[in-house]
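Per-entry structural report
Residues per chain are reported as follows:
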Amino acid sequence: MRRDFPLPRRFAVFGTAALAGCSVLPQPKYVQQTQWPLVVRRPESLPPRAKGHVLVVRDIRPAAGLEQRGLQWLLPDGSVHVDFYNQWAVPPAQALTDDLRQWLAASGLFAAVVAPDSGLTPDMTLEGQLTAFIADPRVLNAHAALAIVLLNQHPVPAKVLLQRTITADSRMATGTPSGVVDALRAALGTVLRGTEAAVAGFAGR
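A few points on the structure.

This part covers the nonpolar core. Within the largest apolar cluster, 47 residues are counted, with the highest numbers of intra-cluster contacts made by L55, L104, L126 and F133. By residue number, the principal contributor to this core is helix 3 (residues 177-203), which donates 12 residues. Among residues more than four places away in sequence, those in contact with L104 are L55, V57, F110, V113, L126, E196 and V199.

Mapped onto the fold, R101 is located in helix 2 (residues 92-105). Residues within four places of R101 in sequence aside, it is in contact with V57, R58, D59, V113, V114, A115 and P116.

Let us look at the packing of aromatic side chains. Scanning all chains against the criterion turns up two aromatic pairs. When the centroid spacing of 5.1 Å and the interplanar angle of 85 degrees are considered together, the rings of F84 and Y85 count as edge-to-face. Using a relative accessible area of 33% as the deciding quantity, one classes F84 as partly exposed. Taken together, a centroid distance of 5.7 Å and an interplanar angle of 45 degrees make the contact between W88 and F133 tilted.

Attention now moves to the pattern of salt bridges. According to the stated counting rule, one finds seven salt bridges in the structure shown. With its nearest N and O atoms 2.7 Å apart, the salt bridge here joins R41 to D99. With R41 in the loop between strand 1 (34-36) and strand 2 (54-57) and D99 in helix 2, this residue pair connects regions lying 58 residues apart in the sequence. Here R41 falls in the partly exposed class, since its relative accessible area comes to 36%. In this structure D99 comes out as buried when scored by relative accessible area, which is 1%. E196 serves as the salt-bridge partner of R42, at 3.0 Å between the closest nitrogen and oxygen.

With that out of the way, let us pick up unusual backbone geometry. Unusually for a residue other than glycine, K51 sits at a positive phi of about 60 degrees. Topologically, K51 is positioned in the loop between strand 1 and strand 2. Residue K51 is classed as exposed on the basis of its relative accessible area of 89%. Phi at L140 is positive, roughly 55 degrees, even though this residue is not glycine.

What counts, and where the lines are drawn
- Residues numbered from 1 in each chain as written.
- Predicted model: local features only at pLDDT ≥ 70, side-chain atom pairs only at ≥ 80, totals over all residues.
- Heavy atoms only, no water.
- Core = buried A, V, L, I, M, F, W, Y, C linked by side-chain atoms within 4.5 Å.
- Buried < 20%, exposed > 50% of the residue type's maximum accessible area, 1.4 Å probe, protein only.
- Helix = DSSP H or I, 4+ residues; strand = E, 2+ residues; numbered from the N terminus.
- Contact = heavy atoms within 4.5 Å.
- Phe/Tyr/Trp six-rings, centres within 6.5 Å; stacked < 30°, edge-to-face > 60°.
- Salt bridge = Lys/Arg side-chain N within 4 Å of Asp/Glu carboxyl O.

Purely spatial values, then, with no claim about function.
Structure below.
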């Protein structure tokens, strides 16, 4: 699959206009770059579980191509457009790492949810890879996927408790960059809820 990288300004402007379903207007002299935050939080925050496990969430790895900050959407020919003028504030996998730690900490399933450098001895470790994070304006759909592995750290070597890919799709309200952002945030929220549900059965063991 071909990936587009930052193109001369006239082409990048055309790509954004085409996404919005508009006719191409005369090229402006300056197009400001917009950076979108990728912050998704659990609607309700619950207290930590007394005498619960300590969970370490390692940094989420990006699949090939997803290390880029530019919003990504499919073009009519099926290739992937990486937008230069609309970018996430930080790479999506980096944002997802923080979102996942915050979400699981607020779930009340664990005594603590921390990063690897916290100094706490973990009972469990969660690893993951962001394998999909893209919109398809042709069908007004956004898709996200996270592959996770949950490890029990007490046996030597560590024991795999769970290995699963959590996927989600979200309807785009509009075929615009803001529509891409809103739909991908919504899809990510569904992925986070799915991850919580997947690990919940192991939290009390």
